[in-house]
Number of protein chains: 2
Amino acid sequence: MVGVTAPLAGSADPEVRSSMSTRVATDEDGTSKLSRAATIYDVAARAKVSHQTVSRYLRKYPGIRPETRERVELALAELNYRPNQAARTLATNRSLRIGAFAYEMLEVGPSQIMQGASRRARDAGYMLDLVTLFPSDDEATQNAINEMYQQNLAGVIASAPTDRVREALEAADFGVPLYIETEREDELGAEHESLNAVGTRKLVDHLVDQGHTTILNIAGPPSWIASLNRVNAYRRAMLHRGLEPLDSLHTDWSAASGYKLARQMPLDRGVTAIVATNDQVALGVVRALIERGVAVPDDMSVVGFDDIPESEFFLPPLTTVQTHFDMQGKYSIDMLLSMIHNSEAPVREDYVSADLVLRSSTARAPVA
Amino acid sequence: MVGVTAPLAGSADPEVRSSMSTRVATDEDGTSKLSRAATIYDVAARAKVSHQTVSRYLRKYPGIRPETRERVELALAELNYRPNQAARTLATNRSLRIGAFAYEMLEVGPSQIMQGASRRARDAGYMLDLVTLFPSDDEATQNAINEMYQQNLAGVIASAPTDRVREALEAADFGVPLYIETEREDELGAEHESLNAVGTRKLVDHLVDQGHTTILNIAGPPSWIASLNRVNAYRRAMLHRGLEPLDSLHTDWSAASGYKLARQMPLDRGVTAIVATNDQVALGVVRALIERGVAVPDDMSVVGFDDIPESEFFLPPLTTVQTHFDMQGKYSIDMLLSMIHNSEAPVREDYVSADLVLRSSTARAPVA
DNA sequence: CTGTAGGGAGCAGGTGGTGGT
DNA sequence: TACCACCACCTGCTCCCTACA
């Protein structure tokens, strides 16, 4: 949306480009080195105390005499002391950084999840070390796992879009807690429904309540766990209502693929409603239907999934299910933190839900 | 879009949740520690060489006898040695991590930029340390700057959406190269136009060519540099064509704000075309216009900015300008790397452009 | 003996010099 | 003259142990 951009090369004020000029030395190999900052020894010397006392102050030990404390504080401020995290990590074998695997997509979901994760991590005093990948790039995944391993992280979160990625992550052994965000239905207790399942069931129920009986599912990529969950939930929901599920058609999550598919799809099977795997696909499908002279929702009802901010303003406004991407990210971090601190796992229901959002892309089934 | 989610709390297989059980020790304070991995000394002992030789091997020195080299390689593999980056950073005062400031938004642009940056950074052997913030949260910005400072980074990239953020960043002194992605027009040479300006000019020219003379600009937030650039470019482009620019109206970049504004705006000023600050706002505006009985594009032409993947499937498909968010991120990284290595700055034109994408939301001006 | 402070080892690894084969 | 081992010390910080009042 924004297009915040940069000064054109060459026209940039060097002081704006960087602070290299003043504080960054450069090697003969042309690689800049980190600046030489004040250490606790410098601070100690200035405050006329031992480095120990400075360290104690920094780690908030009590037992420092007020006058000593003041001298330390003054020296700290005068030297603009900033602790060196690398040294701290080396000495304590502990760190405040969390690794995160994310997947490159044009859709907003994954990045919203990461925003939520990043925020929650920051609130808990951690930074996120981010690696973005294509799920299909096995080699890059392996390399990234390897690099993460070396980074002295407190833990790692990852979303596993496909079983392949998931297996690679599980086999990885980061040596630290790892939380994989995925939703394998075979791992959920029988009493629990996945979020995808809950949402999909609500959508199908809504359509059936509106009198639809022949409902088509336009799914995401078959290799994606989230997509398969939605497909399975569609089938179960149909059967539960005594209706025959149709074979799902597959897209790549994009509006373009939904459009392309719906342009070609046969229309003579009596389908009166479509459950699209997400809002983008629904958008493409609606566009294709309208081009083919099928009115939405009069001739065909269409529902999406996710409730992206734009869905409310589509024509017609899209009936969908609201997921809370940022809360999913926050949940991942809280889950990981509970592992790191060996405390009780947070309850997922407190974070996420799948609420039906009724808008105008659905209507009662047309009388045949 | 995806909704990749997690097993419900309590029903998760502990082995899936983490690998803590086998490899992570736990303190009495409940904080897990990093695992104790093999060091170069362990490797050296096993290979019956000195730690020196192992170190040389790892840093790819030549001059190691093939048989020695083999012994080292074997020991490395047997012990599953992974270098400790914290120790390496401490010893060399060098690191392979880049800090990145990003801003939390529902729109896709910023996260696309970060994806591009993350990918390019990885290709160059760097990791991204991500911090996401709200631009308006000054305190969080200061805290984040402070934390970044301690992280032994090779450099920092940031987008400065507002002058306020920009000033905070510039004053920060990270001690390492800093590249701020912004586009202050007063810093561009007179011969250079900003990307926002180029795109906006193309849009205005297109509309004027279609016979429109009274063109309204619906802008983003006035504090955002990118938004102001687009406003200024609109004014210049209008004047350049001998037309009177109207006062710009402001949104928050969202479809909802565009909708709300366009629902209330007076329609009696002879406006026949609207330049919206991005595609989302354009979507909201179109929806509001149609609700008010104004046909798009017959009564009113509307253009967006950014060409998000959905725009092609809006009704009507949106005429807009294509920006390349991922390339902007890549450019930021390349720019930063050129600073880190003291090499020549990349040329921005090789990365980004603003190409007009003609679709159906614009038409010739209606005859009055 | 309690409160306060300092000395020194060690975290993993990099780098220099020297000397031996 | 290659190759490599050994010794010593450096990075910044934590932490155990000790010493002094």
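Scroll up to find the structure.
What comes next is a walk through the structure. Numbers given to residues run from 1 along each chain, matching the order in which its sequence is written. Both sets of labels track the order of writing: A upward for chains, 1 upward for ligands. Whole-chain, interface and lining totals are the exception, using all residues; otherwise, since this is a predicted model, local features are given only for residues with pLDDT of at least 70 and side-chain atom pairs are given and counted only at 80 or more. The side-chain quantities take in all heavy atoms of the structure and omit both hydrogens and water.

### Looking at the overall build of chain A
To be explicit about the condition: For helices the rule is a DSSP run of H or I covering at least 4 residues; for strands it is a run of E covering at least 2, with both sets numbered from the N terminus onward. Classification of residues uses two cut-offs on accessible area relative to the type maximum, computed with a 1.4 Å probe and protein chains only: under 20% is buried, over 50% is exposed, and between them is partly exposed. The criterion used for residue contact is that any of the two residues' heavy atoms lie within 4.5 Å. Each accessible area is a Shrake-Rupley estimate made with a 1.4 Å probe; only the visible protein chains count as cover when residues are assessed.
From N to C terminus, chain A includes 14 helices and 10 strands. Per-residue burial for chain A yields a buried fraction of 61% across its 368 residues. Considering only contacts in chain A between residues 6 or more positions apart, those separated by 24 or more positions represent 69%. Surface exposure of chain A reaches about 14,800 Å², of which carbon and sulfur atoms provide 50%.

### What about the sheet that holds strand β8 (residues 301-303) of chain B?
Residues and elements named next belong to chain B. What counts, and what does not: For two strands to be treated as a pair, DSSP must find at least two bridges joining them.
The strand order across the open sheet built from four strands is β6-β5-β7-β8, with neighbouring strands paired in parallel fashion. The open sheet has two edge strands, β6 (249-250) and β8, and neither has a second partner. Pairing between strand β5 (residues 215-219) and strand β7 (residues 273-276): four bridges, direction parallel. Bridge pairing in β7 links N217 to V275.

### Considerations on the pattern of salt bridges
Rules: Take a side-chain nitrogen of Lys or Arg and a carboxyl oxygen of Asp or Glu: if they are within 4 Å of each other, that pair is a salt bridge.
Considering all chains together, one arrives at 26 salt bridges over all chains under this definition. Here E170 of chain A and R166 of chain A are joined by a salt bridge, their closest N and O atoms 2.8 Å apart. Linking E170 of chain A with R166 of chain A, this pair stays in helix α9 (residues 163-170), spanning four residues, or about one helical turn. Using a relative accessible area of 36% as the deciding quantity, one classes E170 of chain A as partly exposed. Taking the relative accessible area as the measure of exposure, R166 of chain A reaches 4% and is therefore buried. The structure contains a network of salt bridges with shared partners spanning R97 and D129 of chain A together with R97 and D129 of chain B.

### Quick look at the layout of surface pockets
In plain terms, the rule: In this analysis a 1.4 Å probe is tested at points of a 1 Å grid over the protein atoms alone, and where it fits but cannot get out there is a cavity; an open set with protein on both sides within 12 Å along at least five of seven lines is a pocket; lining residues have an atom within 4 Å of a point. Grid points are joined across faces, edges and corners, and a volume is the space filled by probe spheres set on the points. The nonpolar class holds Ala, Val, Leu, Ile, Met, Phe, Trp, Tyr, Cys and Pro. Asp, Glu, Lys and Arg form the charged class, and all remaining residues, Gly among them, are polar.
Taken as a whole, the largest pocket encloses approximately 1,000 Å³ of empty space. Breaking the lining of the largest pocket down by element, the ones donating at least two residues are α6 (85-92) and α8 (138-149) of chain A together with α3 (40-47), α4 (51-58) and α6 (85-92) of chain B. With six residues, α6 of chain B is the largest single contributor of residues to the lining of the largest pocket. Empty space within the second largest pocket amounts to approximately 780 Å³. As for the second largest pocket, its lining consists of 30 residues, of which Y81, R82, P83, N84 and A87 of chain A are closest to the centre. Take the lining of the second largest pocket: its biggest share by element is five residues, from α6 of chain A. Residue composition of the lining of the second largest pocket, grouped by class: 17 nonpolar, nine polar and four charged.

### Structural notes on the protein's contact with DNA strand D
Note the threshold: We define proximity as follows: a residue is near a molecule or strand when any one of its heavy atoms falls within 4 Å of that partner. Polar contacts, as counted here, are pairs of nitrogen or oxygen atoms within 3.5 Å of one another; within protein the pair requires one atom able to donate a hydrogen and one able to accept it, and residues that are adjacent in sequence qualify only if both atoms are side-chain atoms.
Taken together, 28 residues sit near DNA strand D, with Q52 and Y81 of chain A together with T53, I64 and T68 of chain B positioned nearest. Close to the protein, within 4 Å, the atoms of DNA strand D belong to sugar or phosphate groups at a rate of 69%. In the model, a phosphate oxygen of DNA strand D is placed 2.8 Å from a nitrogen or oxygen of the R59 of chain A side chain. One nitrogen or oxygen atom from the main chain of R65 of chain B is found 2.8 Å from a phosphate oxygen belonging to DNA strand D. Its residues assigned to classes, the surface near DNA strand D shows 10 nonpolar, 12 polar and six charged.

### Points about the packing of helix α7 (residues 109-123) of chain A against helix α14 (residues 325-340) of chain A
Residues and elements named next belong to chain A. Heads up, the rule is: Every axis in this analysis is a line fitted to C-alpha atoms, fitted for helices over the stretch in contact. Angles between the N-to-C directions lie between 0 and 180 degrees. Oblique is the label for any angle not under 35 degrees, not over 145, and not in the 65 to 115 range, which are roughly parallel, roughly antiparallel and roughly perpendicular in turn. By definition, any crossing whose near helix is turned counterclockwise from its far helix by less than a right angle is left-handed, and any crossing with a clockwise turn is right-handed.
Where α7 contacts α14, the axes come no closer than 6 Å and their chain directions differ by 45 degrees. One finds that α7 runs oblique with respect to α14. Considering how the two elements wind past one another, α7 and α14 form a crossing that is right-handed. Residues G109, Q112, I113, G116, A117, R119, R120 and A121 of α7 lie in contact with α14, whose contacting residues are F325, D326, Q328, G329, K330, I333 and D334. Classifying every residue of the contact of α7 with α14 by side-chain character gives five nonpolar, five polar and five charged.

### Notes on the sheet that holds strand β4 (residues 178-181) of chain A
If you trace the eight strands from one edge of the open sheet to the other, you get β4(A)-β3(A)-β1(A)-β2(A)-β2(B)-β1(B)-β3(B)-β4(B), paired in mixed fashion. Both outer strands of the open sheet, β4 of chain A together with β4 (178-181) of chain B, are each paired with one neighbouring strand and no more. Each strand of the sheet is rotated relative to its neighbour by a mean of 25 degrees, with strand direction disregarded. Sheet topology places strand β3 (residues 155-159) of chain A next to β4 of chain A; four bridges connect them, and they run parallel. Directly across from S159 of chain A, in β4 of chain A, lies its bridge partner E181 of chain A. Along the sheet face, helix α7 (residues 109-123) of chain B touches β1 (97-103) and β2 (127-133) of chain A together with β1 (97-103), β2 (127-133), β3 (155-159) and β4 of chain B and points at about 80 degrees away from the line of β2 of chain A.

### Notes on the packing of aromatic side chains
The cut-off we apply is this: Classification of ring pairs uses Phe, Tyr and Trp, with its six-membered ring standing for Trp, and accepts pairs whose centres are within 6.5 Å; under 30 degrees between planes counts as stacked, over 60 as edge-to-face, and the remaining range as tilted. Counted as over-ring charges are cases with an Arg CZ or a Lys NZ within 6 Å of the ring centre that also lie within 35 degrees of the ring normal.
Per the stated rule, a full pass over the model turns up 11 aromatic pairs over all chains. Judged by centre distance (5.2 Å) and plane angle (50 degrees), the rings of F313 of chain A and Y259 of chain B are tilted. One end of the pair, F313 of chain A, is in the loop between β8 (301-303) and β9 (320-322); the other, Y259 of chain B, is in helix α12 (residues 255-264), on a second chain. Relative to Y351 of chain A, the ring of Y331 of chain A lies with its centre 5.1 Å away and its plane at 70 degrees, an arrangement referred to as edge-to-face. Here the residue Y331 of chain A occupies a position in helix α14, and Y351 of chain A occupies one in the loop between α14 and β10 (355-357), the gap between them amounting to 20 residues. Residue classification places Y331 of chain A among the buried residues on the basis of a relative accessible area of 0%. Within the aromatic cluster, the residues linked to one another by ring pairs are Y179, Y331 and Y351 of chain A. Here R82 of chain A stacks its cationic end above the ring of Y149 of chain B, 5.5 Å away from the centre of that ring.

### Things to note about the side chain of Q85 of chain A
Considering the arrangement of structural elements, one finds Q85 of chain A in helix α6. Of note is the side chain of Q85 of chain A, whose polar atom sits 2.9 Å from the side chain of Q150 of chain B. Apart from residues no more than four positions distant in its own chain, Q85 of chain A is found in contact with Q150, Q151 and N152 of chain B.

### Brief notes about empty space enclosed by the protein
Applying the stated rule across the entire model yields 11 cavities of 30 Å³ or more. Of the volumes computed, that of the largest cavity is approximately 180 Å³. S111, M114 and L130 of chain A together with S111 and M114 of chain B are the residues nearest the centre of the largest cavity, which is lined by 16 residues in total. Elements with a contribution of two residues or more to the lining of the largest cavity: β1, α7 and β2 of chain A together with β1, α7 and β2 of chain B. Of the residues in the lining of the largest cavity, the class split is 10 nonpolar, six polar and no charged.

### Re the protein's contact with DNA strand C
The local shell around DNA strand C holds 27 residues, among which S50, Q52 and T68 of chain A together with S55 and Y81 of chain B are the closest. One of the backbone N or O atoms of I40 of chain B is found 2.8 Å from a phosphate oxygen in DNA strand C. Separating a phosphate oxygen of DNA strand C from a backbone N or O atom of N84 of chain B is a distance of 3.2 Å. At the level of elements, α4 (51-58) and α6 of chain A together with α3, α4 and α6 of chain B are the ones that each hand at least two residues to the surface near DNA strand C. Classifying every residue of the surface near DNA strand C gives 10 nonpolar, 12 polar and five charged.

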